[in-house]
Amino acid sequence: MWHQFKYRNYNKNRPAENRFAFCMAPFTSLHFSYDGRVYPCHNNHTQAYGRIPTQSLKEIWDCALRRQYQTYSKGFNMEKAGCFSCVKDVSQGNYTAVNAHRYDTFAYTKGAVYPAIMGFKFSDTCNLDCIMCYSNHHKSITAYDANTLYNDVFFEELKIFIPHLQRAYLLGGEPFCEPLNLKLLKLITELNPSCRVTIQTNGTILTDDILLILKKGTFDINVSLDSLNKTTFEAIRKGASFDTVMTNLHKLHEICTSQGTLFGTCVTPMRMNRQELPDIVNYFGRELNAYVWFNKYYFPARYALWSLSADALAEIIKTLKAANIFTGNVRMQENEQVYKGFITMLEDYYRQALVRKKGLHKSQKMLRQLVENCKGLINTKTEESALKKELALKNLDSLYTLNTEKAYFYLKFYMEHFVGERFLDILAIVDKEFLKEDLDFIEIE
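Residues numbered from 1 in each chain as written. Predicted model: local features only at pLDDT ≥ 70, side-chain atom pairs only at ≥ 80, totals over all residues. Heavy atoms only, no water.

A. Structural detail: the overall build of the protein chain. Secondary structure summary: the protein chain contains 20 helices and 9 strands in total. The C-alpha atoms of the protein chain give a radius of gyration of 22 Å, which matches the 22 Å a tight globule of 445 residues would have. Each of the three principal axes of the protein chain carries a C-alpha extent, and together these read 60 × 50 × 45 Å. Per-residue burial over the protein chain gives 57% buried out of 445 residues. Residue pairs at least 24 apart in sequence account for 75% of intrachain contacts in the protein chain once pairs closer than 6 positions are excluded. In the form shown here, the protein chain has an accessible surface area of approximately 19000 Å², with 52% of it arising from carbon and sulfur atoms. Across the protein chain, the mean location of the 54 positive side-chain charges is 6 Å away from that of the 48 negative side-chain charges. (Helix = DSSP H or I, 4+ residues; strand = E, 2+ residues; numbered from the N terminus. Rg over C-alpha atoms; globule rule 2.2 N^0.38 Å. Buried < 20%, exposed > 50% of the residue type's maximum accessible area, 1.4 Å probe, protein only. Contact = heavy atoms within 4.5 Å. Areas by Shrake-Rupley, 256 points an atom, 1.4 Å probe, with all protein chains shown as cover. Lys, Arg positive; Asp, Glu negative; His and termini not counted. Charge placed at Lys NZ, Arg CZ, Asp CG, Glu CD.)

B. Representation of unusual backbone geometry. Following I52, the chain continues into P53 via a peptide bond in cis, with omega recorded as 5°. Relative to the helices and strands, P53 is located in the loop between β3 (50-51) and α3 (57-61). Following G172, the chain continues to G173 via a peptide bond in cis, the omega torsion being 10°. Tracing the sequence through the fold places G173 in the loop between β5 (167-170) and α9 (179-191). In this model, F76 sits at a positive phi of 55°, which is unusual for a non-glycine residue. For F76, the position within the fold is in the loop between α4 (64-74) and α5 (78-81). Of note, N289 is a non-glycine position whose phi angle comes to about 50°, a positive value. Its place among the elements puts N289 in the loop between α13 (277-287) and β9 (291-294).

C. Representation of the sheet that holds strand β4 (residues 117-120) within the structure. Pairing within the open sheet is mixed, and its 9 strands lie in the order β3-β2-β1-β4-β5-β6-β7-β8-β9. The sheet is open, and its two borders are formed by β3 and β9, each paired with just one other strand. For β5 and strand β6 (residues 196-201), the ladder comprises 4 bridges, and the chain directions are parallel. Directly across from A168, in β6, lies its bridge partner V197. The sheet strands contacting α9 are β4, β5, β6 and β7 (218-224), and the helix crosses β5 at an angle near 165°. (Pairing = 2+ DSSP bridges. Axes fitted to C-alpha atoms, helices over the stretch in contact; angles between N-to-C directions.)

D. Highlighting helix α8 (residues 152-161). The complete set of buried residues in α8 reads F154, F155, E157, L158 and F161. All buried residues of α8 project into a common sector of 165° when viewed along the axis, lining one side. In α8, the exposed positions that point more than 90 degrees away from the buried face belong to D152 and V153. Buried residues along α8 sit in contact with β1 (29-32), α3, β4 and α9. The opening residue of α8 is N151, an N-cap whose side-chain oxygen sits 3.1 Å from the backbone nitrogen of V153. (Arc of directions from axis to C-beta. Polar contact = N/O pair within 3.5 Å; in protein donor to acceptor, adjacent residues only side chain to side chain.)

E. How the structure looks around the nonpolar core. In this structure, F22, F32, F120, F154, F263 and F299 are the most contacted members of the largest nonpolar core, which totals 146 residues. Ranked by the residues each element gives to this core, the list is headed by helix α15 (residues 330-358), at 8 residues. Ignoring anything within four residues of it in the chain, the contact list for F120 reads H31, F32, F154, L158, A168, Y169, L170, L171 and L184. (Core = buried A, V, L, I, M, F, W, Y, C linked by side-chain atoms within 4.5 Å.)

F. Summary view of the packing of α13 against α15. It is at 9 Å that the axes of α13 and α15 come closest, and there the two elements cross at 160°. Overall, the two elements α13 and α15 adopt an arrangement that is roughly antiparallel. Where α13 crosses over α15, the two elements pack in a sense that is right-handed. Where α13 approaches α15, its residues L277, P278, V281, G285 and R286 are matched on the opposing element by M332, N335, Y339 and F342. (Parallel < 35°, antiparallel > 145°, perpendicular 65-115°, else oblique. Left-handed = near helix turned anticlockwise from the far one by under 90°.)

G. Representation of the packing of aromatic side chains within the structure. Evaluated as defined, the whole model comprises 29 aromatic pairs. With centroids separated by 5.3 Å and ring planes inclined at 55°, the aromatic side chains of Y7 and F76 adopt a geometry described as tilted. Taken together, the residues Y7 in helix α1 (residues 2-12) and F76 in the loop between α4 and α5 connect sequence positions 69 residues apart. In terms of burial, Y7 and F76 fall into one category: buried. Ring geometry for F32 versus F120: centroids 5.2 Å apart, planes at 10°, classification stacked. (Phe/Tyr/Trp six-rings, centres within 6.5 Å; stacked < 30°, edge-to-face > 60°.)

In structure tokens, the structure reads:
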């Protein structure tokens, strides 16, 4: 079977001690989401271990579901665990993009009493209005008070866990917009300054207080940069100053260089910047000796690459393959592999576009079956608010009044790439007009 062959190739570049399982997250990690739910990792929100503040950290870490996830991982049955994104990357042969690698940064210690990795997404708070961010098109109907969820009781218990951490990571929104993140970072630098903390930032905020914290701890920093062209960058990341971001980027690079930690960028590839990707890879590799990663971006479809026609994708793939990617040192060579992995993903998009081009999916019956499957998933989410579920179901019904074939592919792609809280949240915050407009950008021919 394909997965046995692909899993063997995926395992080749992993620490030998960890190859007994597909992913180490169920053995080593907790991820805290903006609504208080706690998951095995930042990428799989299918089923939560527990919820803050209803349960304590200790109760969540010791839960039976975590042991069940370990069984799935050891059996390489990741579909049962809901790890569809990582399974998709492995099936495409895009091994460098598999998010499970985040949890392979050290050898697993059997019987660990405390997690070695913790991820934090206290809120989606952000200071920008980026065009590719779904929530900037329609504001969420449900607001969570991060301070109520992650209160003083939580932080007091966290003090017991922090000394045992080897790694932590912060996600947003923009992490430096959320005061709880600064509170957390101060605790880590006081209680465990050797803990490697990864921060994903848009590079717009860098105060003296933040610089002081960064110089006290051990930080790997990624700055989001989607273009080296000021006009394009500011058109994508609305509200950001390209000059400010580049100034802060170099300051953050200097901190990482002085600490001997990792610096890099996370690029969101889309229609507006697709021609610039080789230049970005070369700039970070050659000029900064820094890492480059590509975000997986799917919706809104109007800016995405997957929704382009087969002909357009073929041309992009041809252009990217012809580009000269510098490989003068180890870091550049690693970036080249990431770049090639991204092209592999584009080739999968191309094959999907060919399926659309054949025009075999115009049946209302096929769309209805997909919608009903989606409704079934939503109705199983008993912990979600009735209003959120009602809005999501209403938006699904609206697909019947739109282009049947495009609606089919839109929903199919959506179901393949979103799980858990994200699956329902996005369906609940859009509306019929947004869906109708977004569907128009799916190219069939």
